[in-house]
Amino acid sequence: MTFAFHVEWETPPRSVRSDEIRATWARLEVVANGRCLTQADDKDTRSVRRSISVSLYPLAEWIAYNWWLLASDSRKPLANGRIDRRNMRSAGDGFVWPNIEFVPTGSVTLVSARAVEPLEGQSLRFQGSEEFWVDSAELRKAFSGLVDMVIRRLDTEKVFGSHLVEEWKRLAALDQDEATFCEIAARLGLDPFSEGIDIAESIEEAFSLLEPDVMGDFFDAVATSSFKNDAEWVGETLVAIRADGVVSNDDQFAVVASSINEERVRHPNSSPSEVGYAGARKARERLEVAAGERVGDIPGRVVSAQPNTTFAGAGLVLSGHSPLTAIPRDAPPNRLRFTSARALWHGSIPKGGAFLLSKSSAVMQQAGRAFAAEFLAPAEGLELLVEKFGPDGLEELAGHYGVSTWVIDYQIRNHRLW
């Protein structure tokens, strides 16, 4: 799960006038998990290139000005402007950058490279469309290493007073409270130093209403328009769960939890979904539920809660016990089963604690959704049953496994069953 920039300094073309651009002219190669993401067809030379000749100054500026979003914004963008802030092509300054988007999801980051046809007058077409999971800490190290390299190059070439240096100094000077605010703003999909300032009071208010365990899940998914109501709902629901009492040890949950944690250890470099699928298969195997059979009662207990538009439910997990999960009142049975299955994934965390179930792209949320889908409606079973129900029998398959048609469709698409 590696990521690296390979740089070789070059002499710039004579036409380049900007001091920063001239000083940082280089040949750049971007590599993720051993695959070259800057490999491109060069129309002018009719050849394939692994690297591009560019100035690294605009790339370093893009990293510095979007540092917090690159580190913490896992949200699906609502507008093109937001997705550009996480995409290397927006480094701009007239250079043809590869179309590489970075979506941080916690301990790992999804790196998506996309082939894009060159615009008129451009000669490079970057090859292939691939996705890679890379270690987030290593990616941040690569980003900061490139910025530091560019700043050292500016010093060596006696180019002083650049905007990049000032921005990098500002980031380094942030205290812990300021850094925490920047991270939270980025988790909301906002630039901390502009858009985040506008809702600083709402963030502080949410802080006062929430427990530390649930803050990450909350800020990854909450709508900025409903901060207070959602924070109050989370706080009140957690109080209600605890008041319902501590659940007793559950042997069936212990089997599921041990299966999940074994697969977490066995697949340290896999995507969140793959780890979730593996945990579900192991759990079904140990519970002796065949792929074509429906799982019976889900381990754990469920309590009803007031409806909420943002979160599917709030799960409170006590270490060594089965999960106690809050689900909005009048939730249909298939939603209750899916939410309860998601709670198993979160409930298996050895340290215990409180967790929110949301639609965010965070690692735990992705893995939990994948686990629940595979645990309730395994791909192997669907592949067998399609002969009985046919490829259009979503309703029948959903009824067979006690899930919604969305879960069946999710499994079909993600496992490419038919």
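Our structure is the block above this text.
Residues numbered from 1 in each chain as written. Predicted model: local features only at pLDDT ≥ 70, side-chain atom pairs only at ≥ 80, totals over all residues. Heavy atoms only, no water.

**Re the pairing of strand β8 (residues 108-114)**
Most of β8 sits inside the fold, with six of its seven residues counted as buried. Note: strand β7 (residues 99-104) against β8, six bridges, orientation antiparallel. Within the sheet, the bridge partner assigned to Pro-104 lies in β8 and is Thr-109. Between β7 and the antiparallel strand that follows it, β8, lie three residues; Gly-106 among them carries a positive phi value of about 115°. In this sheet, strand β10 (residues 130-135) lies alongside β8 in antiparallel orientation, the contact comprising six bridges. Bridging from a neighbouring strand, Val-108 pairs with Asp-135 of β10. (Buried < 20%, exposed > 50% of the residue type's maximum accessible area, 1.4 Å probe, protein only. Helix = DSSP H or I, 4+ residues; strand = E, 2+ residues; numbered from the N terminus. Pairing = 2+ DSSP bridges.)

**Re the packing of helix α16 (residues 379-389) against helix α17 (residues 394-401)**
Look at α16 against α17: their axes get within 10 Å of each other, and the N-to-C directions meet at 125°. Considering their axes alone, α16 and α17 lie oblique with respect to each other. Crossing handedness for the pair α16 and α17: right-handed. Packed against α16, whose contacting residues are Gly-381, Leu-382, Leu-385 and Phe-389, the element α17 presents Glu-396, Leu-397, His-400 and Tyr-401 at the interface. Considering only residue class, the contact of α16 with α17 consists of five nonpolar, two polar and one charged. (Axes fitted to C-alpha atoms, helices over the stretch in contact; angles between N-to-C directions. Parallel < 35°, antiparallel > 145°, perpendicular 65-115°, else oblique. Left-handed = near helix turned anticlockwise from the far one by under 90°. Contact = heavy atoms within 4.5 Å. Nonpolar A, V, L, I, M, F, W, Y, C, P; charged D, E, K, R; others polar.)

**Description of the sheet that holds strand β4 (residues 40-42)**
Taken in spatial order, the three strands line up as β5-β4-β9 in an open sheet, and their pairing is antiparallel. Bordering the open sheet on either side are β5 (47-49) and β9 (124-126), each of which pairs with just one other strand. When strand polarity is set aside, the average angle formed by the axes of neighbouring strands in this sheet is 30°. Relative to β9, β4 runs antiparallel, the two sharing three bridges. Looking at the pairing, Asp-42 lines up with Leu-124 of β9.

**Focus on the sheet that holds β7**
Sheet architecture is open: three strands sit in the order β7-β8-β10, paired in antiparallel fashion. In this open sheet, the two edge strands, each paired with only one partner strand, are β7 and β10. Taking the axes of each pair of neighbouring strands and ignoring which way they run, one obtains an average angle of 20° across the sheet.

**Examining the environment of Ala-305**
Locating Ala-305 in the fold gives a position in strand β11 (residues 301-305). As for Ala-305 and Glu-236, which are separated by 69 residues in sequence, their C-alpha atoms are 9.3 Å apart. Apart from residues lying up to four places away in sequence, Ala-305 is in contact with Trp-233, Thr-237, Ala-326, Ile-327, Pro-328 and Arg-329.

**Quick word on the packing of helix α5 (residues 136-156) against helix α6 (residues 163-172)**
Any two packed helices are characterised by the angle at which their axes cross and by the distance between the axes. Axis separation between α5 and α6 bottoms out at 10 Å; the angle between their running directions is 135°. Considering the angle they form, α5 stands oblique to α6. Here α5 runs over α6; the crossing is left-handed. Residue-level contacts link Ser-144, Val-147, Asp-148, Val-150, Ile-151 and Leu-154 of α5 to Leu-164, Val-165 and Trp-168 of α6. When the residues that make up the contact of α5 with α6 are grouped by side-chain class, the tally is seven nonpolar, one polar and one charged.

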